Amino acid sequence: MTLSPDLNETTRMVHGGACDGGLVRTPGPPVQRGSTILLKHSRHIYDKSLVTYGRGGLATQATLRAALEDLERADQVQLYPSGLAAITGTIQALTRSGDEVLVADSVYNPTRRFLEGTMRRFGVTARYFHPASDADAVAALITPATRLIYLESPGSLTLDIQDVPAIAAMARTRGVLTAIDNTYAAGVLFKPLDHGVDVSIQSLTKYVCGHSDVFMGMAAARGEAAAMLAESSHEVGWAVSPDDAYMALRGLRTLHMRLAQHGAATLRIAHWLTAQAEVGAVLCPALPSDPNHALWSRDFTGLCGVISIILDGASDAAVNEMLDSLQLFGLGYSWGGFESLVIPCDPQLAARRFPVVKAGPMLRLHIGLEDPDDLIRDLRQALDRLGSGATSRGPVLAAAGSH
Ligand SMILES: Cc1ncc(COP(=O)(O)O)c(C=O)c1O
């Protein structure tokens, strides 16, 4: 915009550099920043059909939402500042005081924390069902107060898979909504909305962003559920920055290739782990011996990088020594980035209503994009630290809870 030279310098500094459009075309969208939107006419100020304020997102967020709508086969996607915010925002949007939520017991711990804390304070209760429950078993729990069935499949840490199409179909006939944490599948390996689920949630922090440097979440839905999410987001005021939205879009460009590599390396390492004497069990639904294998083969098109292992009895000290000796696996929460990670899980399993029966400490691994031969060498030298093993079957580390 050209400013009149008659204006004082202060005014020219305040108004100079405003962009009137006319941007050149680049492969990605512009990172459009703005809280205020400058409207063309005074009659536009209260026109509800126009975007009149930047909180709901501008060009960058709109481009990301459109791409995620395509990926999740949704009518509408809402963006949230973290995956946890997408979970809490969805539960809040779909329930009201007096409602009950039926929840797969294998959910991500902070989901349970939100249900038991904030939601309980607002009069919404949660009941947990065994993650291996079939549709009939879940149907038997429904009461007149049941508003929502909340799934996570495969579930955090123990990778239990639910019969999602059957549970979603049953819920629909009973007038109950369904939502699923679809972060494992990253919107690629499983399409919940095509299987009748009302809301598919992802922590985009994981595979979509893919580089362990951005927090974001999304909830994808069709029809009435989409309208409920949109209204709630508008009321509550969730917003994400255009810079973060750009990073998520950048992650989407390589999502399928990265997942294919994560999945192939994970399968190879899972097979290798089953042959190691120190490993009592490998939790990976692609292994034919895994109890979730049939559902995984039917519903999923691949694996991501998450697996868990149960060590065949080992002392806390030996497991800590093993973890500290790892060179390529970082000790850290989260997953879905380019790098390999590991955490001991036992303190997190303590919150479950149905105890996980196992003979030794459990570790969750994230298999990153490193060469799998190098990862196998790193794991082998770490397993050597377990020595002849010991007897403790308790939690591996003293610290409890999760992020
Ligand atoms: C299954 C699952 N869902 C949701 C989240 C929360 O995502 P965020 O860290 O983006 O809040 C996590 C984080 O670890 C997760 O593992």
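Every chain is numbered on its own, with residues counted from 1 as its sequence reads. For this predicted model, a pLDDT threshold of at least 70 governs which residues receive local features, and a threshold of 80 or more governs which side-chain atom pairs are given and counted, while totals over whole chains, interfaces and linings are taken from all residues. Side-chain numbers here rest on the full set of heavy atoms in the structure, without hydrogens or water.

Engineer: I tried to follow the pairing of strand β2 (residues 100-104) on my own but got confused; where do I start?
Structural biologist: Regular strands place side chains that alternate from one sheet face to the opposite one. With respect to burial, β2 is a largely interior element, five of its five residues being buried. Handedness rule for crossovers: strands pointing away from the viewer, path from the first strand over the helix to the second running clockwise, crossover right-handed. The helix count covers DSSP runs of H or I at least four residues long, the strand count covers runs of E at least two residues long, and both are numbered beginning at the N terminus. In the classification by handedness, the crossover that spans β2, the intervening helix α4 (residues 109-121) and the parallel strand β3 (residues 125-129) is right-handed. As paired elements, β2 and strand β4 (residues 146-152) share four bridges and run parallel to each other. Among the inter-strand pairings, leucine 102 is bridged to a residue of β4, identified as isoleucine 149. Exposure classes here rest on a 1.4 Å probe applied to the protein chains alone. A residue is buried below 20% of its type maximum, exposed above 50%, and partly exposed in between. Pairing between strands is defined by DSSP: at least two bridges between the two strands are required.

Engineer: In this structure, what is going on with the sheet that holds strand β11 (residues 341-344)? I would like to understand it.
Structural biologist: Working definition: the strands of a sheet are paired by backbone hydrogen bonds and lie parallel or antiparallel to each other. Spatial strand order, β8-β9-β12-β11-β10: five strands in an open sheet with mixed pairing. Each edge of the sheet is formed by a strand with only one pairing partner; in this case those strands are β8 (279-283) and β10 (330-331). In this structure, strand β9 (residues 306-311) lies alongside strand β12 (residues 362-366), joined through five bridges in antiparallel fashion. Bridge pairing in β12 places isoleucine 310 opposite methionine 362.

Engineer: Quick question: what am I supposed to make of the site of the ligand here?
Structural biologist: What makes a residue near a molecule or strand is one non-hydrogen atom of that residue sitting within 4 Å of it. Lining the immediate environment of the ligand, one finds 15 residues, of which Gly83, Leu84, Asp181, Thr205 and Lys206 sit closest. One nitrogen or oxygen atom from the main chain of glycine 83 is found 2.8 Å from an oxygen atom belonging to the ligand. Whenever two N or O atoms come within 3.5 Å, that pair is a polar contact, provided that in protein one can donate a hydrogen and the other can accept it, and provided that, for residues adjacent in sequence, both atoms are side-chain atoms. Lysine 206 is positioned such that a nitrogen or oxygen atom in its side chain is 2.9 Å from an oxygen atom of the ligand. Reported accessibility uses the Shrake-Rupley method at a 1.4 Å probe radius. Residues are deemed covered only where the shown protein chains occlude them. Relative to its unbound accessible surface of 390 Å², the ligand loses 95% to contact with the protein. The biggest single contributor to the shell around the ligand is helix α3 (residues 83-94), with three residues. Class assignment of the residues belonging to the shell around the ligand gives a composition of five nonpolar, seven polar and three charged. Residues are grouped as follows: nonpolar covers Ala, Val, Leu, Ile, Met, Phe, Trp, Tyr, Cys and Pro; charged covers Asp, Glu, Lys and Arg; every other residue, Gly included, is treated as polar.

Engineer: For this particular structure, what's the right way to read the state of the cysteines?
Structural biologist: Two cysteines joined by a covalent bond between their sulfur atoms form a disulfide. For the purposes of this analysis, a disulfide is any pair of cysteine sulfur atoms at a distance within 2.5 Å. According to the stated counting rule, one finds zero disulfides in the structure shown. The closest cysteine sulfur to the non-disulfide-bonded cysteine 209 is located on cysteine 304, 15 Å from its own sulfur. On the accessibility criterion, cysteine 209 (4% relative accessible area) is buried. Unpaired in terms of disulfides, cysteine 345 finds its nearest cysteine sulfur in cysteine 304, a separation of 14 Å.

Engineer: Teacher, can you tell me more about a nonpolar patch on the surface here?
Structural biologist: The grouping of Leu39, Ile45 and Tyr46 at the surface amounts to a nonpolar patch, some 350 Å² of accessible area in total. Mapped onto the fold, tyrosine 46 is located in the loop between α1 (9-15) and α2 (59-72). Think of a patch as exposed residues, more than 30% relative accessible area, with no salt bridge, where like charges cluster within 9 Å and nonpolar side chains (Val, Leu, Ile, Met, Phe, Trp, Tyr) cluster within 5 Å. When a carboxyl oxygen of Asp or Glu lies within 4 Å of a side-chain nitrogen of Lys or Arg, that pair is called a salt bridge.

Engineer: Help me out: how do you make sense of the sheet that holds strand β1 (residues 76-80) in this one?
Structural biologist: With mixed pairing, seven strands are arranged side by side in an open sheet as β1-β7-β6-β5-β4-β2-β3. The strands lining the two open edges of the sheet, one partner per strand, are β1 and β3. Each strand of the sheet is rotated relative to its neighbour by a mean of 20 degrees, with strand direction disregarded. Pairing analysis gives five bridges linking β2 to β3, with the strands arranged parallel. Note on β3: the bridge partner recorded for alanine 104 is phenylalanine 129. Note on definitions: a residue-residue contact is assigned when non-hydrogen atoms from the two residues lie within 4.5 Å. Working convention: axes come from line fits to C-alpha atoms, limited for helices to the stretch in contact. Angles between N-to-C directions cover 0 to 180 degrees. Its contacts with the sheet put helix α6 (residues 164-173) on β4 and β5 (177-181), and the angle it makes with β4 is roughly 170 degrees.

Engineer: Would you mind showing me how to read the pattern of salt bridges here?
Structural biologist: Oppositely charged side chains can pair when the atoms bearing their charge come close. In this structure the tally under the stated criterion is 14 salt bridges. Of the charged contacts, one joins arginine 298 and aspartate 163 as a salt bridge, the two residues approaching to 2.7 Å between their closest N and O atoms. Taken as a pair, arginine 298 in helix α9 (residues 293-299) and aspartate 163 in the loop between β4 and α6 lie far apart in primary sequence, 135 residues in all. Notably, a salt bridge pairs aspartate 198 with arginine 172, separated by 2.9 Å at the nearest N-O pair. Note that aspartate 198 is positioned in the loop between β5 and β6 (199-203) and arginine 172 in helix α6, a separation of 26 residues in sequence. Of the residues examined, aspartate 198 reaches a relative accessible area of 14% and is grouped as buried. Sharing partners across several salt bridges, the network here consists of Arg73, Asp194 and Arg222.

Engineer: Which parts of the structure should I look at to understand the nonpolar core?
Structural biologist: Membership of the largest hydrophobic core comes to 90 residues, with the highest contact counts inside it found for Leu64, Leu68, Leu79, Ile149, Tyr184, Leu255 and Leu273. Top contributing element to this core by residue count: helix α8 (residues 242-274), with 11 residues. The residues that make up this core include at least three from each of domain 1 (55-249) and domain 2 (254-384). Beyond its immediate sequence surroundings of up to four residues, isoleucine 149 is in contact with Leu102, Phe129, Val138, Ile142, Ile167, Met170, Ala171, Val176, Leu177, Thr178 and Ala179. Here, nonpolar core means buried Ala, Val, Leu, Ile, Met, Phe, Trp, Tyr and Cys residues that are tied together by side-chain atoms lying within 4.5 Å of each other. In terms of nonpolar packing, the next biggest core, distinct from the first, is built from 29 residues, Ile87, Val103, Val124 and Ala126 among them. Domain limits in this description derive from either an automatic procedure or a database domain assignment.

Engineer: Got a minute to help me understand the domain arrangement of the protein chain in this structure?
Structural biologist: Quoted interface sizes are often the accessible area lost when the parts come together. Split by domain assignment, the protein chain resolves into domain 1 (55-249) and domain 2 (254-384). Averaged C-alpha coordinates put domain 1 and domain 2 at centres separated by 25 Å. With 34 residues of domain 1 in contact, the opposing surface of domain 2 contributes 39 residues. Note on domain 1 versus domain 2: buried area summed over both sides is about 3200 Å², and carbon and sulfur give 63% of it. Two parts lose some accessible area (1.4 Å probe) when they are put together, and adding that loss for both gives the buried area.

Engineer: Would you explain the pairing of β12 in this entry?
Structural biologist: With five of five residues buried, β12 lies mostly within the body of the structure. By the alternation rule, side chains of β12 split into Met362, Arg364 and His366 and Leu363 and Leu365, which are all buried. Here β11 pairs with β12 via four bridges, running antiparallel. Considered in β12, the bridge of isoleucine 343 is made with arginine 364.

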